[in-house]
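Survey of secondary and tertiary structure
Below are the chains, spelled out letter by letter.
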Amino acid sequence: MSHCENRVETPVVATAEARQEFAEKVLPILESRFGAVRDEDDQWGFTVVVDGAQLRNVVLFLRDGHEYRVNMLLDVVGVDYLGFKDYTGPRFAVEYALKSVYNPSRRIRIKVRVSETDCKVPTISDLFPIANWQEREVWDQYGIVFENHPDLRRLLNHAEFQGHPLRKDYPAHKRQWLSTNDFLLPELEARLEAKGYKIISRSKEVVPDAEEYLTGSIKQ
Amino acid sequence: MIVLAPNGEQQSLMPLNVGPSHGATHGCLRYMTALDGENIVASVGEIGYLHRGFEKMAEQGTWQQVIPYTDRLNYCSALMNNFAYCRAVEQMLGIDLPERAKVLRVIINELSRIADHFICVAAAAQDLGSTTGFFYLFDSREMIMVIWEKLTGARLTNSYGRIGGLYRDTYTGFEEDVLAVCRQVDKNLHDVHACFDRNRIFLDRTTGVGKISAERAIQWGWTGPCLRATGVASDLRKDEPYFDYETYDWDVTVGSEGDVFDRLMVRLAEAEESCKIIKQALKRLQPGPINVDDPRIRVPDHAHTYQDMESLIGRFKTVYEGIHVPAGEYYSGSEVANGELGFTLVSDGSGKPWRVKVRPPCLTQFAVFHELVEGVLLADSMATLSSLNIIAGELDR
């Protein structure tokens, strides 16, 4: 069986010392190679701030480096610092929480600061497939664009939703009329094509009426 | 739609929409399949039907006011979500809980885990047509619900965790009720195994269906029983122990194949291990305080409030201003029934959270659902879906 080899390495218990040791070992390398800086905001865990241009290199290094094997992407988090007390940096940040399944003391969060004017981060959805949906969520909630993402659509909100709700300047009480489902056929066809099928013809009742679809069926 | 298959053959595929309101989609989720006869050739999913803006609402209130929202995440094991959130905030505050609070949290965590796993397996059994299995498992789950009712005042969206302790102490007779649940769980497990283990229909419907390899599961960020079913012994209660889990004697259950059968059986075996933990925890349960003794964190009780100026101030301050969590950012993951429930918290030092981000364990499982069901029958996709235990409340937040 192909996954037998994985079971040889049994998980070990993460102690505070082991965590400290991992941070001390990996931080100088990240500093010298990728210009990473330890984030002092995270006084409880281990977070590094890197430049957006270096993000993919850092993730690749942590994932494929034989020493570390930080092999699981847990979460992609967007943060909006608009109006944050005594904060002067770029408005947004995208944070990636990673861990090693086989050595739980190796947990690291990578933080990329994103300015409002640029609002772009390179995608890591080709490195970790789960990042596809997680990045879609961040785009949906914050409007941060993930460059080269294969299918950057809204994940949780409706397709016709206006704005990005988790931004601090989006009022919590704001209401919108929303009524459509995602139109999944284009995605389904893309999926078929990825599997080597070629679409010859579609039935006419399933060809979308783009206007009706994007404006929704409920009119104010 | 007419397609040209990779083998050069022309096929007529039918796009079929499943959900969002379908008896087997457990909540509200939707996937669209391209069917060749009854075989699924390709599938894509959509979520968001239960999106209620948890994260936006969490930013509006104080740290304590987030707690009732957390029970709406995974409503099958609401109290466990409470504790996961409270634990994250407590770590930022740097406080340690009194012994009784920790033991009670362990007992309630494990009872929730049993209830959650039983609902998952029961619903899977129901989807496969086994109503008997469903009722066997709901038997002990109902007893747990009665405990919740007595303990918290509600059956489903109940909340019992508080930052720095618990809502209140247990009722008289709690220990006996919990022991009775353990006995009932043993009995129900015995019945259910008798029902399933040598059942030709059940085995045919579940073995080898919806398979995923360990590598693939890790790449897709799977945690919890679904990852363990692929053979990876990863459990945060063992790996990064909290609430003194390391001092209890229990084992991590792993499967080998990563198919529907393994996922369901891992859950049943975990319920057994949970019973072991509960029985040990009950022996440790001694009378004592259940809250940290700090009026700035845990609201002082009435007796003190009416007697003592400091407690009165503490009561006003914690309720009106909220708890002052030190400024900073933190990610904390706890092992809930479905896997690693993570909270990324950003605090600006005031009484309100700046950002609360939930990492729902079942999002990662549903994101790869298309890979699991491509190539199986449409009916098997139902079995696969229920074995993943997708909880829409947690998936969509």
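Structural notes, computed from the coordinates.

If you check the backbone angles, Asn148(A) has positive phi at about 65 degrees while not being a glycine. For Asn148(A), the location among the structural elements is in the loop between β7 (145-147) and α5 (185-194). Even without glycine at this site, Asp244(B) takes up a positive phi of about 60 degrees. When you line up the elements, Asp244(B) lands in the loop between α10 (236-239) and α11 (260-284).

All names here are of chain A. Taken in spatial order, the five strands make up an open sheet running β1-β2-β5-β4-β3, and their pairing is mixed. Each end of this open sheet is capped by a strand with a single partner; those strands are β1 (37-38) and β3 (72-80). In this sheet, strand β4 (residues 92-99) lies alongside β3 in antiparallel orientation, the contact comprising eight bridges. Paired with Val 76 across the strands is Tyr 96, a residue of β4. Those strands touched by helix α3 (residues 55-64) are β2 (47-50), β4 and β5 (107-114), and its axis lies near 175 degrees from that of β5.

All names here are of chain B. Interaxial distance between helix α3 (residues 78-93) and helix α4 (residues 99-127) falls to 8 Å at its minimum, and their mutual angle equals 135 degrees. As judged from the angle between their axes, α3 and α4 are oblique. Of the two possible hands of crossing, α3 and α4 adopt the one that is left-handed. Taken together, the residues of α4 that come into contact with α3 (itself represented by Leu 79, Met 80 and Phe 83) are Arg 105, Ile 108, Asn 109, Ser 112 and Arg 113. Considering only residue class, the contact of α3 with α4 consists of four nonpolar, two polar and two charged.

The rules behind the values
- Residues numbered from 1 in each chain as written.
- Chains lettered and ligands numbered in written order.
- Predicted model: local features only at pLDDT ≥ 70, side-chain atom pairs only at ≥ 80, totals over all residues.
- Helix = DSSP H or I, 4+ residues; strand = E, 2+ residues; numbered from the N terminus.
- Pairing = 2+ DSSP bridges.
- Contact = placed C-beta atoms within 7 Å.
- Axes fitted to C-alpha atoms, helices over the stretch in contact; angles between N-to-C directions.
- Parallel < 35°, antiparallel > 145°, perpendicular 65-115°, else oblique.
- Left-handed = near helix turned anticlockwise from the far one by under 90°.
- Nonpolar A, V, L, I, M, F, W, Y, C, P; charged D, E, K, R; others polar.

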